[in-house]
Amino acid sequence: MLKHIVMIRFAAGQDTEKLTGEFMQMLTALEKSVPSLKSMEVGKNINTKPSAYHLVLTAVFDDEDGLNAYRTHPDHVKILDRMKETVDAVASVDYFFE
């Protein structure tokens, strides 16, 4: 199994509460539209430190092919396009687990 973790920080001046809700809704909907996505958990960060990110997601796939199918899925690409308008920083980690 492969775990994909992404942390998102919105750009300064953005309505982070509104964006967090918007992205949480879009991301959780991917579970229904992306066949290779086995599960997804999306959470709003409660840490208020300046270095903190606003949103985190953890997605699970069978393998790298599944992750790659997710990355190019039209519904996911729409989210990436929206991120370009609102996001300041993204960090990600992908790893295998049993």
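Note that the structure is predicted; figures quoted are calculated from it, not measured. Per chain, residues are indexed from 1 in the order of the written sequence. Given that this is a predicted model, residues contribute local features only at a pLDDT of at least 70 and side-chain atom pairs are listed and counted only at 80 or more, while totals for whole chains, interfaces and linings are drawn from all residues. Side-chain figures throughout are based on the complete set of non-hydrogen atoms in the structure, without hydrogens or water.

Colleague: Quick one: what's the story with the overall build of the protein chain, residue by residue and with numbers?
Modeller: Tallying secondary structure elements over the protein chain gives 3 helices and 4 strands in all. Secondary structure counts use DSSP, requiring at least four H or I residues in a row for a helix and at least two E residues in a row for a strand, with both numbered from the N terminus. Element order for the protein chain, N to C, with α for helix and β for strand: β-α-β-β-α-α-β. Both definitions apply: the radius of gyration is a C-alpha atom measure, and the globule rule equals 2.2 Å times residues to the power 0.38. Taken against the 2.2 N^0.38 rule, which gives 13 Å for 98 residues, the C-alpha radius of gyration of the protein chain at 13 Å falls within 12% of a compact globule. In terms of principal-axis extent, the alpha carbons of the protein chain reach across some 35 × 25 × 15 Å. Here the protein chain holds 98 residues, and the buried ones make up 35% of them. Surface exposure here means Shrake-Rupley accessible area, sampled with a 1.4 Å probe, where a residue is shielded only by the protein chains that are shown. Total accessible area on the protein chain is roughly 6000 Å²; 53% of this is exposed by carbon and sulfur atoms. Under the counting rule used here, the positive set is Lys and Arg, the negative set is Asp and Glu, and His together with the chain ends is not counted. To locate a charge, take atom NZ for lysine, CZ for arginine, CG for aspartate or CD for glutamate. Taking the average place of the 11 positive charges on the side chains of the protein chain and the average place of its 15 negative ones, the gap between the two points comes to 6 Å. Only protein chains enter the accessibility calculation, which uses a 1.4 Å probe. A residue is then buried if its area is under 20% of the maximum for its type, exposed if over 50%, and partly exposed in between.

Colleague: Outline the packing of helix α1 (residues 16-33) against helix α3 (residues 74-86), listing residues and values.
Modeller: Geometry is summarised by axes, namely lines fitted to C-alpha atoms with helices restricted to the contacting stretch, and by angles between N-to-C directions that run from 0 to 180 degrees. Where α1 meets α3, the axes come as close as 10 Å, and the angle between the chain directions of the two elements is 165°. Between α1 and α3, the angle falls in the class roughly antiparallel. You can see that α1 and α3 cross each other, and the crossing is left-handed. On α3, the residues that touch L19, E22, F23, M26, L27, L30 and S33 of α1 are D75, H76, I79, R82, M83 and T86. Residue polarity follows a fixed list, in which Ala, Val, Leu, Ile, Met, Phe, Trp, Tyr, Cys and Pro are nonpolar, Asp, Glu, Lys and Arg are charged, and the others, Gly among them, are polar. When its residues are assigned to classes, the contact of α1 with α3 shows 7 nonpolar, 3 polar and 3 charged. When an angle is under 35 degrees it counts as roughly parallel; over 145 it counts as roughly antiparallel; between 65 and 115 it counts as roughly perpendicular; any other value is oblique. In this scheme, a crossing is called left-handed if the near helix is turned counterclockwise away from the far one by less than a right angle; it is called right-handed if the turn is clockwise. Note on contacts: a residue pair is in contact if any heavy atoms of the two residues lie within 4.5 Å.

Colleague: Would you mind going over the sheet that holds strand β1 (residues 2-10) in detail, with residue names and values included?
Modeller: Only strands that DSSP links by at least two bridges are regarded as paired with each other. Spatially, β2-β3-β1-β4 is the arrangement adopted by the 4 strands of the open sheet, whose pairing is antiparallel. Looking along the sheet, the strands with just one partner apiece sit at the ends: β2 (39-44) and β4 (87-96). Strand-to-strand, the axes of this sheet are offset by a mean angle of 15°, without reference to chain direction. Alignment of β2 against strand β3 (residues 55-61), held across 6 bridges, turns out to be antiparallel. When the bridges of β3 are listed, V42 appears paired with L57.

Colleague: An account of the pairing of β3 is needed here, citing residue identities and associated values.
Modeller: For β3, the tally of buried residues reaches 5 of 7 residues, placing the bulk of the element in the interior. Bridge analysis of β1 against β3 gives 7 bridges, and the strand direction is antiparallel. For M7, the partnering residue across the bridge sits in β3 and is V56.

Colleague: Please set out the nonpolar core residue by residue, giving values where relevant.
Modeller: Soluble globular proteins tend to bury their nonpolar side chains together. Of all hydrophobic cores here, the largest spans 21 residues; its most connected members are F23, L27, L30, L37, M40, L57 and Y70. Counting residues per element, the ones that place at least two in this core are β1, α1, β2, β3, α2 (64-72) and α3. Put simply, a nonpolar core is a bunch of buried Ala, Val, Leu, Ile, Met, Phe, Trp, Tyr and Cys residues held in one set by side-chain atoms that sit within 4.5 Å of each other.

Colleague: For α2, give the residues involved together with the corresponding values.
Modeller: Among the residues making up α2, those that are buried are G66, L67 and Y70. Viewed along the axis of α2, the buried residues span an arc of 100°, placing them on a single side of the element. Opposite its buried face, α2 presents the exposed residues D65 and T72, each directed more than 90 degrees away. Of the surrounding elements, those touching the buried residues of α2 are β1, α1, β2, β3, α3 and β4. Its side-chain oxygen placed 3.2 Å from the backbone nitrogen of D65, D63 serves as the N-cap of α2. Here the arc refers to the set of directions running from the helix axis out to each C-beta atom. Here a polar contact is recorded for every N or O atom pair within 3.5 Å, except that within protein the pair must consist of a potential hydrogen donor and a potential acceptor, and residues adjacent in sequence are included only if both atoms are side-chain atoms.

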